[in-house]
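Residue-level listing of the chains:
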Amino acid sequence: MIRLSSAPAGVTRISVTGEIDMDSADELAAALRAGAERGGTRTLVVDFAGVTFCDSSGIRVLDEAYAMAARRRIALQLVEVQPQVRRVLEIVGMTALLAHS
């Protein structure tokens, strides 16, 4: 399940739950595009608190979203990443997406 919401000051938040795999990756990609296309979005925050698994399909979507956000000068951050998903992101070198808090 993916939910898009707005927060103050140019922040668009995308909350994701469940597994991100080849069955759900397209839905995540569409939500990330929609968030980036919202007028006034300067930061795209992707809440992974409910994500229990992320395979290569999800990694591909995140990589493409990072490039898209950079082209649009939008900051892209993953927050509340579960340890098992965080480890996958670390292994593939995508720690730049992780919010530093």
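Residues numbered from 1 in each chain as written. Predicted model: local features only at pLDDT ≥ 70, side-chain atom pairs only at ≥ 80, totals over all residues. Heavy atoms only, no water.

Q: Looking at this structure, I do not really get the overall build of the chain. What am I missing?
A: Looking only at helices and strands, the chain has three helices and four strands in total. Relative to its length of 101 residues, the chain is compact, with a C-alpha radius of gyration of 12 Å against a globular reference of 13 Å. Seen through its principal axes, the chain has C-alpha atoms that stretch 30 × 25 × 20 Å. Out of the 101 residues in the chain, the part that is buried amounts to 42%. Pairs at least 24 apart in sequence give 73% of the contacts found in the chain among residues at least 6 apart. About 5600 Å² of surface is accessible on the chain, with carbon and sulfur atoms providing 51% of the total. Distance from the positive charge centre (11 side chains) to the negative charge centre (12 side chains) of the chain: 11 Å. (Helix = DSSP H or I, 4+ residues; strand = E, 2+ residues; numbered from the N terminus. Rg over C-alpha atoms; globule rule 2.2 N^0.38 Å. Buried < 20%, exposed > 50% of the residue type's maximum accessible area, 1.4 Å probe, protein only. Contact = heavy atoms within 4.5 Å. Areas by Shrake-Rupley, 256 points an atom, 1.4 Å probe, with all protein chains shown as cover. Lys, Arg positive; Asp, Glu negative; His and termini not counted. Charge placed at Lys NZ, Arg CZ, Asp CG, Glu CD.)

Q: Is there a simple way to think about the environment of Gly58 in this case?
A: With respect to the helices and strands, the residue Gly58 is situated in helix 2 (residues 56-71). Of the residues examined, Gly58 reaches a relative accessible area of 0% and is grouped as buried. Counting along the chain gives 35 residues from Gly58 to Asp23, while the straight-line C-alpha distance between them is 9.8 Å. Leave out the neighbours within four places in its chain, and Gly58 touches Ile20 and Ala25.

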